[in-house]
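One letter stands for each residue in the lines below.
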Amino acid sequence: MSWSVLLAADPSPEPVSLDEAAKQAGDAAGWVEENWSTWLNTSLRIALILVVALVLRMFLRRALTKLIERMNRSAQAVEGTALGGLLVNAERRRQRSEAIGSVLRSVSSFVILGTAGLMILGAFKIDLAPLLASAGVAGVAIGFGARNLVTDFLSGVFMIMEDQYGVGDSVDAGVASGEVIEVGLRVTKLRGDNGEIWYVRNGEIKRIGNLSQGWATATVDVMVRSSEDLDHVRSVIGEVADDLAKSEPWNERLWGPVEVLGLNEVLLDSMTVRVAAKTMPGKALGVERELRWRIKQAFDMAGIRIVGGLPPAIEASALDPTAGMAAPSAYASTTSPQSIAATPIAPPANLAK
């Protein structure tokens, strides 16, 4: 009874004949023979795609790295010259070139490897239309969710490529102002006047005022007495300007002659002469201070008096001692009519008793 149940529950497989085995082996060999060329072709195509993509990626990254190193070497070559400190800032060029190189390397790697991946999927006869549609929808969703990050990144890329500002520049970014200490693709670091560090997102910067590009103007207003000879004043200022243009280091900071623009204001007791000069960017304040110093010394030697500001304090001894006294009163004298009229009336004698 038990043996019959076991045999019914687990029947042994039927033996395969030699003819059937030979037929199955022949079918498998025929299928492999029919498809081995397709497999080989697909494998060779995938291998070729991978090799070309990797070689092209390596070549582009190496070319970009050499280009960045050459830009940095050219910046360091002129760093020690007189013009290098003005036009070429090695740290600024280094950060700008590194940022641009990083962006270009990332973009090139993404394009090359992404194209190679799509070509490999195409080699496997996979329909790419649904995949591309799904990737497009996912990209739109990610871009919408991280729109601030994308805005910051794109703004940083264009700011660096257009060289709107760099390390060492004094800028006014609207939300903050100060000296640029680091330029990134997402955030720019500024050091304020009191030493604080501002982290400004590139997407929040709507306008940039760069105080370190182009040239600056040093303006000095000199107020003298209205009775001074204007030709004499002009000649003295001209001598100061010539001496300043010949002395170090002001001859490098001045980009133009010091000019007397004329009278800026004329009053009854004074007149204001405006002096201006074109200077290196960021050096206007120092030139203005030096101009005031030299003009004051030259005016003292020439006998020209500079006026303006608050009037000098008057000493207490020079004041009239009676100026603070009140006017004499008629009630101070007991015999004056006013004092007699104000005297109380004495009571009658009978009332006193």
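Everything that follows concerns the structure shown earlier in this document.
Note that the structure is predicted; figures quoted are calculated from it, not measured.

**Q** I'd like a description of the overall build of the chain, backed by residues and values.
**A** Of the regular secondary structure elements, the chain holds 11 helices and eight strands. Among the 353 residues that make up the chain, the fraction classed as buried is 25%. Pairs at least 24 residues apart make up 64% of the contacts formed inside the chain by residues separated by at least 6 positions. Accessible area of the chain: about 24700 Å², with a carbon and sulfur share of 61%.

**Q** Give a detailed account of the packing of helix 7 (residues 230-246) against helix 9 (residues 284-302), specifying residues and quantitative values.
**A** The N-to-C vectors of helix 7 and helix 9 enclose an angle of 130°; their axes lie 10 Å apart at closest approach. Classified by the angle between their axes, helix 7 and helix 9 sit oblique to one another. As for how helix 7 packs across helix 9, the hand of that crossing is right-handed. Judged by residue contacts, H232, V233, V236, I237, V240, D243 and L244 of helix 7 engage E290, L291, R294, I295, A298, F299 and A302 from helix 9.

**Q** Talk me through a positive patch on the surface; I want residue IDs and the actual numbers.
**A** A surface patch of like charges, here positive, comprises R62, K66, R70 and R73. With respect to the element layout, R62 can be found in helix 2 (residues 18-77).

**Q** Kindly report on a nonpolar patch on the surface, identifying the contributing residues and their values.
**A** A contiguous nonpolar surface patch, about 360 Å² in accessible area, is contributed by V150, F153, L154 and F158. The topology assignment puts F153 in helix 6 (residues 147-161). Look at F153 and you get partly exposed, because its relative accessible area is 37%.

**Q** Tell me what's going on with the sheet that holds strand 6 (residues 216-225), and back it up with residues and numbers.
**A** Taken together, three strands build an open sheet; the order of strands is 6-8-7 and the sheet is antiparallel. Of all strands in the sheet, those with a lone pairing partner are strand 6 and strand 7 (259-266), marking the two edges. Adjacent strand axes in the sheet meet at a mean angle of 25°, parallel and antiparallel pairs treated alike. As paired strands, strand 6 and strand 8 (residues 270-279) are joined by 10 bridges and run antiparallel to one another. By the bridge assignment for strand 8, V220 is matched with V275. Against the sheet, helix 7 contacts strand 7 and strand 8, and its axis sits at roughly 25° relative to strand 8. Where helix 9 meets the sheet, its contacts fall on strand 6 and strand 8, and the angle it forms with strand 6 comes to roughly 25°.

**Q** Would you mind going over the sheet that holds strand 3 (residues 187-191) in detail, with residue names and values included?
**A** Overall, antiparallel pairing links the five strands, which are arranged 4-3-2-1-5 in an open sheet. Edge positions in the sheet fall to strand 4 (197-201) and strand 5 (209-210), since each has one partner strand and no second. By the bridge criterion, four bridges tie strand 2 (residues 177-183) to strand 3 in an arrangement that is antiparallel. Directly across from E179, in strand 3, lies its bridge partner R191.

**Q** So what's going on with the packing of aromatic side chains? Residues and values would help.
**A** Scanning the entire structure with this criterion turns up zero aromatic pairs. Just above the ring of W250 sits the side chain of R253; from NZ or CZ to the centre is 5.0 Å.

**Q** Explain helix 7 residue by residue, including any values.
**A** Under the 1.5 Å per step criterion, the end-to-end length of helix 7 is 25 Å for 17 residues, consistent within 8% with the ideal 24 Å. Here helix 7 has its buried residues at V233, V236, I237, V240, A241 and L244. Along helix 7, the residues classed as buried sweep out an arc of 140° about the axis, all on the same side. For helix 7, the exposed residues lying more than 90 degrees away from the buried face are D231, E239 and K246. For helix 7, the secondary structure elements touched by its buried residues are helix 8 (250-253), strand 7, strand 8 and helix 9. The backbone nitrogen of D231 lies 3.3 Å from a side-chain oxygen of the residue at the head of helix 7, namely D229.

Cut-offs used in this document
- Residues numbered from 1 in each chain as written.
- Predicted model: local features only at pLDDT ≥ 70, side-chain atom pairs only at ≥ 80, totals over all residues.
- Heavy atoms only, no water.
- Helix = DSSP H or I, 4+ residues; strand = E, 2+ residues; numbered from the N terminus.
- Buried < 20%, exposed > 50% of the residue type's maximum accessible area, 1.4 Å probe, protein only.
- Contact = heavy atoms within 4.5 Å.
- Areas by Shrake-Rupley, 256 points an atom, 1.4 Å probe, with all protein chains shown as cover.
- Axes fitted to C-alpha atoms, helices over the stretch in contact; angles between N-to-C directions.
- Parallel < 35°, antiparallel > 145°, perpendicular 65-115°, else oblique.
- Left-handed = near helix turned anticlockwise from the far one by under 90°.
- Patch = residues over 30% accessible without salt bridge, like charges linked within 9 Å, V, L, I, M, F, W, Y side chains within 5 Å.
- Salt bridge = Lys/Arg side-chain N within 4 Å of Asp/Glu carboxyl O.
- Lys, Arg positive; Asp, Glu negative; His and termini not counted.
- Charge placed at Lys NZ, Arg CZ, Asp CG, Glu CD.
- Pairing = 2+ DSSP bridges.
- Phe/Tyr/Trp six-rings, centres within 6.5 Å; stacked < 30°, edge-to-face > 60°.
- Lys NZ or Arg CZ within 6 Å of the ring centre and 35° of its normal.
- Expected span 1.5 Å × (residues − 1).
- Arc of directions from axis to C-beta.
- Polar contact = N/O pair within 3.5 Å; in protein donor to acceptor, adjacent residues only side chain to side chain.

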